[in-house]
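Residues per chain are reported as follows:
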Amino acid sequence: MDPFRLAAEALKSSGLTIAVTGAGISAESGIPTFRGNDGIWTKYPPDEYATIDAYNADPDKVWKFWLELAATLGGSQPNPAHYALAELEAMGKLEALITQNIDNLHEVAGSNNVIEYHGNAHWLVCPRCRHRDPLDLSQQTNSPPYCFCGTLMKPDVVMFGEAIPSQALVESARLAETCNCLIVVGTSAQVYPAARLPVLARQNGAFIIEANIEETDFTASVTHAFLKGPAGETLPKLVGYVKG
Ligand code: OAD
């Protein structure tokens, strides 16, 4: 059967659908993904730029990298894939969206129930008192700012070696365990615990729709309907099938 038709039927009959998104959904917004030849981690090895230990050891070096990344994200706009998921939510066909992305584009596209699994690059957080401030990109400082409590702030993103925010962790697992349908978009299935969510949903009987330009570790093991191609094309097409 046509995977789009199969996926649309599952969506129409599902009482509770959620989505899990990764960097691939923002690729068509001009944001590089993390892995692969042109990936961010190929240019900036994560053990030097993306671990909490690297940040604590040399905050200025890591700060410079995150400022550059935040500037790239700040200049980007949602693409048709983000809008397709916002439309599904507006149609009452998507309960919640769990994103590993830190770019804020789902919110800009109009999705309301977004769980930020890895934080948000547009904010700073104090590791001690958890005070948050918006990141002011007009201030190109060489060092991260201090919180009023005297602690060095950090980008409000989950670096390697840090825990997923507990509310996001618990709520995402609850949704994955109870949903009837899960749409996983543009993630390589390499980073845990996010990569566990589609597996958890499948184990609990959910129908799994996967949208990606290439097969992943999910495709043969958990996916029921694989929508191959750029998400900016496949997700609007899926919404069309759901409406049709
Ligand atoms: P990856 O860079 O690991 O994977 C991106 C995925 O998107 C790959 O499977 C690509 O095939 C797919 N892809 C690329 N372009 C696409 C398109 N136009 N349409 C659909 N799919 C496309 O990114 P993530 O899986 O998101 O964490 O990475 C997970 C986490 O690893 C990130 O959140 C980040 C990183 O370390 C943190 O920084 C905490």
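What you are looking at is a predicted structure, and each value in this text was computed from that prediction instead of being measured.

Draft legend 1. Quick peek at the environment of L73. Following the sequence through the fold, L73 ends up in helix α5 (residues 59–74). Spatially, the C-alpha atoms of L73 and V157 are 13 Å apart, while their sequence positions differ by 84 residues. Among residues more than four places away in sequence, those in contact with L73 are I31, I102, D103, A121 and H122.

Draft legend 2. The site of the ligand, seen in detail. In the vicinity of the ligand lie 23 residues, with F34, R35, T187, S188 and N212 positioned nearest. For the ligand, an oxygen atom lies 3.2 Å from a polar atom in the backbone of G186. Burial of the ligand by the protein chains amounts to 93% of its free accessible area of 800 Å². No fewer than three residues from each of domain 1 (1–30 + 78–118 + 163–244) and domain 2 (32–75 + 121–157) sit in the shell around the ligand.

Draft legend 3. Representation of the packing of helix α8 (residues 166–178) against helix α9 (residues 196–203) in the model. At their nearest, the axes of α8 and α9 sit 7 Å apart, and the two run at 35° to each other. Together, S172, A173, A176 and E177 of α8 and L197, L200 and A201 of α9 make up the contact between the two elements. Taken together, the residues of the contact of α8 with α9 sort by class into five nonpolar, one polar and one charged.

Draft legend 4. Here's a closer look at the sheet that holds strand β4 (residues 119–125). Pairing within the open sheet is antiparallel, and its three strands lie in the order β5-β4-β6. The strands lining the two open edges of the sheet, one partner per strand, are β5 (132–134) and β6 (154–157). Strand after strand, the sheet turns through a mean of 50° between neighbouring axes, direction not considered. Packing against the sheet, α5 makes contact with β4 and β6, and its axis sits at approximately 130° to β4.

Draft legend 5. Broad picture of the nonpolar core. Judged by nonpolar contacts, the single largest core of 27 residues is most densely connected at F65, W66, L69, I102 and M159. At the level of secondary structure, the elements contributing two or more residues to this core comprise α2 (40–43), α4 (52–57), α5 and β4. Examining the composition of this core, we find that eight residues originate from one element, α5, more than from any other. Filtering out sequence-adjacent residues up to four positions away, L69 remains in contact with I40 and I102. Counting residues in hydrophobic clusters, the runner-up holds 26 residues, among them A7, L11, A19 and A225.

Draft legend 6. Summary view of the pairing of strand β7 (residues 181–185). Burial analysis of β7 places five of its five residues in the buried class, which makes it a mostly covered element. Side chains C181, I183 and V185 project from β7 onto one buried face, and the interleaved L182 and V184 project onto a second face that is buried too. Judged from the five bridges that link them, β7 and strand β8 (residues 207–212) form a sheet pairing that is parallel. Looking across to β8, one finds that V184 is bridged to E210.

Draft legend 7. Molecular detail of the packing of aromatic side chains. Evaluation of the coordinates by the stated rule reveals eight aromatic pairs. With centroids separated by 6.2 Å and ring planes inclined at 45°, the aromatic side chains of W41 and F65 adopt a geometry described as tilted. Remark: F65 occurs in helix α5 and W41 occurs in helix α2; sequence separation between them is 24 residues. We note that W41, like F65, is buried. Among the aromatic residues, those joined into a ring-pair cluster are F34, W41, Y44, Y49, F65, W66 and F160. When the ring centre of W123 is taken as reference, the NZ or CZ atom of R132 above it lies at 4.4 Å. Above the plane of the ring of F4 lies K237, whose end atom (NZ or CZ) is 4.1 Å from the centre.

Draft legend 8. Quick peek at the sheet that holds β7. Strands sit in the order β3-β2-β1-β7-β8-β9 across an open sheet of six strands; the sheet is parallel. In this open sheet, the two strands that pair with only one neighbour each are β3 (114–116) and β9 (225–228). Each neighbouring strand pair of the sheet contributes to a mean axis angle of 15°, computed without reference to strand direction.

How each quantity is defined
Per chain, residue numbering runs from 1 following the sequence as it is written. With pLDDT at 70 or above as the cut-off, local features in this predicted model cover only qualifying residues; side-chain atom pairs require 80 or more to be listed or tallied, and sums for whole chains, interfaces and linings still use all residues. Working from all heavy atoms in the structure, the side-chain values ignore hydrogens and water. By the criteria applied, helices consist of DSSP H or I runs no shorter than four residues and strands consist of E runs no shorter than two, each listed in order from the N terminus. We call two residues in contact whenever any of their non-hydrogen atoms come within 4.5 Å of each other. When at least one non-hydrogen atom of a residue lies within 4 Å of a molecule or strand, that residue is treated as near it. Polar contact is the term for a pair of N or O atoms within 3.5 Å; when the atoms are in protein, one must be able to donate a hydrogen and the other to accept it, and sequence-neighboring residues count only if both atoms are side-chain atoms. Areas reported as accessible are Shrake-Rupley estimates using a 1.4 Å probe. Residue values count occlusion only from the protein chains shown. Note that the domain bounds reflect an automated or database-derived domain assignment. Structural elements are reduced to axes, namely lines fitted to C-alpha atoms, with helices fitted over the stretch in contact, and the angle between N-to-C directions of any two is expressed from 0 to 180 degrees. Note on residue categories: nonpolar means Ala, Val, Leu, Ile, Met, Phe, Trp, Tyr, Cys or Pro, charged means Asp, Glu, Lys or Arg, and polar means any other residue, Gly included. What makes two strands pair is DSSP finding at least two bridges between them. For our purposes a nonpolar core is just a set of buried Ala, Val, Leu, Ile, Met, Phe, Trp, Tyr and Cys residues, chained together by side-chain atoms within 4.5 Å. Buried, partly exposed and exposed residues are distinguished by accessible area as a fraction of the type maximum, computed with a 1.4 Å probe on protein chains only: under 20%, between the cut-offs, and over 50%, respectively. Two aromatic rings from Phe, Tyr or Trp, using only the six-membered ring of Trp, form a pair when their centres are within 6.5 Å; if the ring planes differ by under 30 degrees the pair is stacked, by over 60 it is edge-to-face, and anything between is tilted. Here, a charge over a ring is recorded when the distance from Lys NZ or Arg CZ to the ring centre is within 6 Å and its angle to the ring normal is within 35 degrees.

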